[in-house]
Amino acid sequence: SPVQKLTQSRPLTFGFRQISVPELQHPATVTTGKLDFSSELAARIKVSPLVGFYDEALIRAFEHLVVHKNYTSAVMESFIAAESMASAFVYKCKLARGVSKNKLDDYEKEMKISYIINVELPVFLHLISSEGKSAIDQFNQARKLRNDIVHEQKRPTEAEALQAINAATALVNLLAK
């Protein structure tokens, strides 16, 4: 009977499904640079198998760049990832040093990303390496591009979008260590 079939016990098997997106199997290349996003993400997943908010935003940025050729969205998604990571990093450092959570929450909206990137990150990263300084400098360029997009309706090129993704990835990786 149908009821017996539906209620009888049966073994459960679990597995992983895999999808393939041909555009994402090869690194994106442009005349001014190269992004090997698949190996970058694989390295991060080895450290932590959970794909977090920052990684999701970077994946979306890469998808906008390679699949959709929407360079504005690629820049914006990469900026969101790095800005969120930097803000969270600085917030946690301040809490760890005894700053009141209520005070931090009161002033949170007043803190500009340029101040967080150029003043607070170097303070909280202590002896910042040349790699760290380079990541911050690259992200500053991405921040300026993002501002041009938002305030001046600039249309970024593929190379600029790729540079923004690389900058955001470098900053996220620096702060994830």
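Everything discussed here concerns the structure shown above.
Residues numbered from 1 in each chain as written. Predicted model: local features only at pLDDT ≥ 70, side-chain atom pairs only at ≥ 80, totals over all residues. Heavy atoms only, no water.

**Here's the deal with the packing of aromatic side chains**
Summed over all chains, the structure comprises two aromatic pairs. For the pair Phe53 and Tyr54, a centre-to-centre distance of 5.7 Å together with 80° between the ring planes defines the contact as edge-to-face. We classify Phe53 as partly exposed; its relative accessible area is 42%. What makes Tyr54 partly exposed here is its relative accessible area of 22%. Summarising the aromatic geometry, the rings of Phe79 and Phe139 are spaced 5.2 Å apart at their centres and angled 15° between planes, so their arrangement reads as stacked. Placement of the pair is Phe79 in helix α4 (residues 71-96) and Phe139 in helix α7 (residues 130-152), with a sequence separation of 60 residues. Phe139 sits in the buried class, given a relative accessible area of 0%. (Phe/Tyr/Trp six-rings, centres within 6.5 Å; stacked < 30°, edge-to-face > 60°. Buried < 20%, exposed > 50% of the residue type's maximum accessible area, 1.4 Å probe, protein only. Helix = DSSP H or I, 4+ residues; strand = E, 2+ residues; numbered from the N terminus.)

**Structural notes on the environment of Leu65**
In this fold, Leu65 is placed in helix α3 (residues 53-66). For Leu65, a relative accessible area of 1% gives the class buried. On a C-alpha basis, the gap between Leu65 and Val75 in space is 8.6 Å, while along the polypeptide they are 10 residues apart.

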